[in-house]
Each structure stands twice: as C-alpha cells, then as structure tokens.
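Below, each chain spelled out in residue letters.
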Amino acid sequence: NARIYLEQRGMPGEIVERYRLGYAPDPDQAGWNYLSDRLSAKTLSGEIIEQAGLAVKNDRGGLYDRFRSRIMFPINDMTGRVVAFGGRILGDGQPKYMNSPESPIFEKSRLLFGLQQHRQAIRQARRALVVEGNFDLLSLATHGIDNVVAPLGTALTRIHIQSLRSYSREVVLVFDADAAGLKAAMRSIPFLLAERMDGRVALLPAGHDPDSFVREQGPDAVAELVQAA
C-alpha cells in the first residue's frame, strides 16, 4: 500500500531512496508495538524509546508506537543524523501529518526539512524556496528543483531564517494560495526584515499547492512563478 501510494503521488524510486522514505505499518498488520518491540530487542530502554518520541506510554505503563500506518520522512540535522520523523497517514485517519515531538536532539523551530540535503543547491542558486509540506518539497525535487526547504509543522521562525542566511541572501515563500498560506507568509516577513534577507512571495493559482502545480504545469512554470514573485 505504501509503495502504491508513493507511485500515485509521483515519487520515483530514486526519490524514495534519496530521502530514505519509509513506512510505519498498520496495527492490523503488525500490532501496536511493532517498532517498540524491535527497539527493546536492541536493548534500548522504554524510557529512551519514549524520550525519542517513537512511542507513547499507555494507561498501564506499557508502550505503543507513535507512528502507525504512515509514510515516514526522516528529519536530519545538518550533520546528516536522523533526529526525528514526519509521518503522513495512509487512508482517512487524523492527523493527516504528524511530526515527532521535541526531544533533547530535536527542536522543530531550528530545523528545516530538506536543508541538509539541499544546502548546496540553495548556495548555487543563491535563493531558497520555502514550501509548506513535505510532498511539496519532494515533488519539486522530483522535477529538478532542489533549492527548497519546508518547516516542520510550524511557522517559519527567525532561527529558520538565520539558518537559510548561511547559504542564501534571498528567500521566496511558495505557499498555498489560500488565507492560511497568505497569513503564514505575512508572519514570516518581520523575520526576513530583521535578518536583512531579501524576501518575496510567489502566489500560486487558486486551488494549487506546489506539489499539484509542478506536476500539472512542470518546472518551467514554477521558475516563471518564482521570477514573478
């Protein structure tokens, strides 16, 4: 099911491998303790597994897996170590997207999905595109647009802008063309000004997000949209 879903979303095998996409199995297939049991077998304590955000304690003091029936996105720090995960539900469950909770090694206000993999492309382009979702980023990368990052379920922070400033002087916000997307863009502007970063907003056509737009219109249309931001 996970492979079929990724194929339907236009994710080729090389993208799955490059970003190390995975799958957290459905409890009906593997039980509620699939990951917890395997980590415990590697002599990791329940306390560590819970602290890492991979499991949740139930009313009886036992552990059950936090991520279930989800496409999994590893989140890397800038040295390439996996410090957290994002998960997209397969099917109709809620929440649709879920990230690891913060932990001693993960602060979502400091990390951006894709920055570790894309920093060289951002440096070469002298521009960072910021999108809202993981699949937005992966779809753009599939179509050869690598100078892109995504926040981890939070608004863009000043620390995020500081991180991007190490690689670029310009940020282009490519957000959904709805009220929430415009509001998110407006919240980011004071941070760009504070860090003396050039910032622009690329307005997508109504009904589109970056994922749907690049799949329907192609990378040249994205380039034109960014130029007109």
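Scoring rules and cut-offs
Residues numbered from 1 in each chain as written. Predicted model: local features only at pLDDT ≥ 70, side-chain atom pairs only at ≥ 80, totals over all residues. Heavy atoms only, no water. Pairing = 2+ DSSP bridges. Helix = DSSP H or I, 4+ residues; strand = E, 2+ residues; numbered from the N terminus. Axes fitted to C-alpha atoms, helices over the stretch in contact; angles between N-to-C directions. Phe/Tyr/Trp six-rings, centres within 6.5 Å; stacked < 30°, edge-to-face > 60°. Buried < 20%, exposed > 50% of the residue type's maximum accessible area, 1.4 Å probe, protein only. Lys NZ or Arg CZ within 6 Å of the ring centre and 35° of its normal.

A. Broad picture of the sheet that holds strand E4 (residues 70-76). Spatial strand order, E1-E4-E5-E6: 4 strands in an open sheet with antiparallel pairing. Because the sheet does not close on itself, it has two edges, and the strands there are strand E1 (22-24) and strand E6 (97-99). Ignoring which end each strand starts from, the neighbouring axes of this sheet average 35° apart. With 7 bridges joining them, E4 and strand E5 (residues 82-89) adopt antiparallel strand pairing. Within E5, the residue paired with Ile71 across the bridge is Arg88.

B. Examining the packing of aromatic side chains more closely. Inspection of every chain in the model, using the stated rule, returns 4 aromatic pairs. For the pair Phe73 and Phe113, a centre-to-centre distance of 6.1 Å together with 80° between the ring planes defines the contact as edge-to-face. On the criterion of sequence distance, the pair formed by Phe73 in strand E4 and Phe113 in the loop between E6 and helix H6 (115-125) is long-range, its members being 40 residues apart. Phe73 sits in the buried class, given a relative accessible area of 0%. Classification of Phe113 by relative accessible area gives buried; the value is 2%. For the ring pair Phe73 and Phe135, a centre distance of 5.3 Å and an interplane angle of 85° mean the geometry is edge-to-face. Here Phe73, found in strand E4, pairs with Phe135, found in helix H7 (residues 134-142); they are 62 residues apart in sequence, far enough to count as distant. Given the relative accessible area of 2%, Phe135 is considered buried. Connected via pairs of aromatic rings, a cluster forms that spans Tyr5, Phe73, Phe113 and Phe135. For Arg38, the ring lying beneath its charged end belongs to Tyr34, and the centroid distance is 4.0 Å.

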